[in-house]
Amino acid sequence: MSVFSRLRNGIPPSRDDCQSPYERLSQRMLDISGDRGVLKDIIREGAGDTVTPDASVLVKYSGYLEHMDKPFDSNCFRKTPRLMKVGEDITLWGMELGLLSMRRGELARFLFKPTYAYGTLGCPPLIPPNATVLFEIELIDFLDSAESDKFCALTAEQQEQFPLEKVLKVAATEREFGNYLFRQNRFCDAKVRYKRALLLLHRRLAICEEQHLVEPAELLVLLNLSFVYLKLDRPAMALRYGEQALLIDQRNAKALFRCGQACLLLTEYEQARDFLVRAQKEQPCNHDINNELKKLSSYYRDYVDREREMCHRMFAPCGSSSSVGRN
């Protein structure tokens, strides 16, 4: 029976009828701030470690006011959300506390009291004074950038004092940052991160007993560098890093493909064909490789036609276009 029906029939309203939607919701939520200023309800569990205090997070979020169906703030319309650093880019205290309780892949609902949100003044005209707000947050991923930045700031001698596991972890973080920047089409910034990762790994290659552990990580970074240089329209550098990848794994289809792409851009058609045929041998059903071979065939035909036309013009007999003056 609704609250209005109860009143009409002379029945006093129940305790639930007197509560607002947010008050009813809060009763089944977990207090993560200690004063019920930030309440949490997990919609989908995540996995792994919780977010670290200095991490950079990739999240989707929507913020709602009570009694409103449409969000007053959301980044869910973006194809790729912006990477935000905890402690710098996130303005709501409640959101920071909420994120620090989350794991990768987790989807959760939070209620933020005014102290943890927009305060006593609100944020006119969207947020009224003393507003409790609801946020739904999905933690897509996070990267511990602080650990990586501190490690990269050390000298080579200082870095050598750390175990290999630490170096591999930092290099992987740098590569993940590069991948994120690459997806944002920030190719120059991605290149910087990939090169930082490669430098860290190269320093450990000097230790022979660690080489077999370092090379798989190095291979991934070299493939990334080859690809990013293709995006930067620098095929010579793309070829250089692709060939370095092939020194580690001579049958790697991605490395062979990248080298073939680079040679095609450099108009080194015979070399491009060699790389692409080898790549096709490793992955016969790969559409990208097969399409690149078709493109090469078309480019090569055009190249041969141009060369034939040029030779014809160079060696064709010259016609007499003028006559010798007569007496």
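Residues numbered from 1 in each chain as written. Predicted model: local features only at pLDDT ≥ 70, side-chain atom pairs only at ≥ 80, totals over all residues. Heavy atoms only, no water.

The name recorded for the chain in an unreviewed UniProt entry is peptidylprolyl isomerase, from Mesocricetus auratus. The record held by UniProt for the chain lists under Sequence similarities (unreviewed entry) the comment "Belongs to the FKBP6 family." The chain has a UniProt comment under Catalytic activity (unreviewed entry) that states "[protein]-peptidylproline (omega=180) = [protein]-peptidylproline (omega=0)". (UniProt positions renumbered as here; feature names shortened; annotations may be inferred.)

Student: Mind showing me how you'd approach the pairing of strand 2 (residues 38-44) here?
Tutor: In the case of a regular strand, side chains alternate between the two sheet surfaces. Relative to strand 2, strand 1 (residues 30-31) is paired through two bridges, and the arrangement is antiparallel. Bridging across to strand 2, leucine 30 finds its partner in lysine 40. Between strand 1 and strand 2, which pair antiparallel in sequence order, lie six residues; one of them, glycine 34, sits at a positive phi of approximately 90°. Relative to strand 8 (residues 107-112), strand 2 runs antiparallel, the two sharing six bridges. Note on strand 8: the bridge partner recorded for aspartate 41 is arginine 109. (Pairing = 2+ DSSP bridges. Helix = DSSP H or I, 4+ residues; strand = E, 2+ residues; numbered from the N terminus.)

Student: What should I look at first to understand helix 11 (residues 269-282) in this one?
Tutor: Since there are 3.6 residues in each turn of an α-helix, residues three or four apart along the chain are aligned in direction. Taking 1.5 Å of rise per residue, the 14 residues of helix 11 would be expected to cover 20 Å, and the 20 Å separating its terminal C-alpha atoms lies within 8% of that figure. Among the residues making up helix 11, those that are buried are Tyr269, Ala272, Phe275, Leu276 and Ala279. Down the axis of helix 11, the sector holding all buried residues measures 130°, keeping them to one side. Structural note: helix 11 exposes Glu270, Arg273 and Lys281 on the side pointing more than 90 degrees away from its buried face. (Expected span 1.5 Å × (residues − 1). Buried < 20%, exposed > 50% of the residue type's maximum accessible area, 1.4 Å probe, protein only. Arc of directions from axis to C-beta.)

Student: Could you clarify how one ought to interpret the pattern of salt bridges in this entry?
Tutor: Where charged atoms from two side chains of opposite charge approach closely, those side chains can pair. Counting across every chain of the model gives 13 salt bridges. For the salt bridge of glutamate 106 with lysine 40, the shortest nitrogen-to-oxygen distance reads 2.7 Å. With glutamate 106 in the loop between strand 7 (103-104) and strand 8 and lysine 40 in strand 2, the pair connects residues that are 66 residues apart, well separated along the chain. Glutamate 106 sits in the buried class, given a relative accessible area of 2%. The partner of glutamate 292 in a salt bridge is lysine 295, with the nearest N and O atoms 3.7 Å apart. Here glutamate 292 pairs with lysine 295, and both are found in helix 12 (residues 287-315), just three residues apart, close to one helical turn. Judged by its relative accessible area of 36%, lysine 295 is partly exposed. One network of salt bridges, in which partners are shared, links Asp149, Glu174, Arg193 and Arg196. (Salt bridge = Lys/Arg side-chain N within 4 Å of Asp/Glu carboxyl O.)

Student: Would you mind going over the packing of aromatic side chains with me for this structure?
Tutor: Aromatic ring pairs: the centre-centre distance and the angle between the two ring planes describe each pair. For the structure on display, the rule yields 10 aromatic pairs. With a centroid separation of 6.2 Å and 40° between ring planes, the pair formed by tyrosine 61 and phenylalanine 135 is classed as tilted. In this pair, tyrosine 61 is assigned in strand 4 (residues 56-65) and phenylalanine 135 in strand 9 (residues 133-143), connecting sequence segments 74 residues apart. The pair tyrosine 61 / phenylalanine 135 is uniform in exposure class, with both members buried. Centroid distance phenylalanine 72 to phenylalanine 135: 5.8 Å. Interplanar angle 85°. Geometry classified as edge-to-face. Here phenylalanine 135 lies in strand 9 and phenylalanine 72 lies in the loop between strand 4 and strand 5 (73-74), a separation of 63 residues in the sequence. Given the relative accessible area of 15%, phenylalanine 72 is considered buried. It is arginine 104 that lies over the ring of phenylalanine 142; its NZ or CZ is 4.1 Å from the centre. The ring of phenylalanine 177 has arginine 193 sitting right over it, with the charged end atom 4.4 Å from the ring centre. (Phe/Tyr/Trp six-rings, centres within 6.5 Å; stacked < 30°, edge-to-face > 60°. Lys NZ or Arg CZ within 6 Å of the ring centre and 35° of its normal.)

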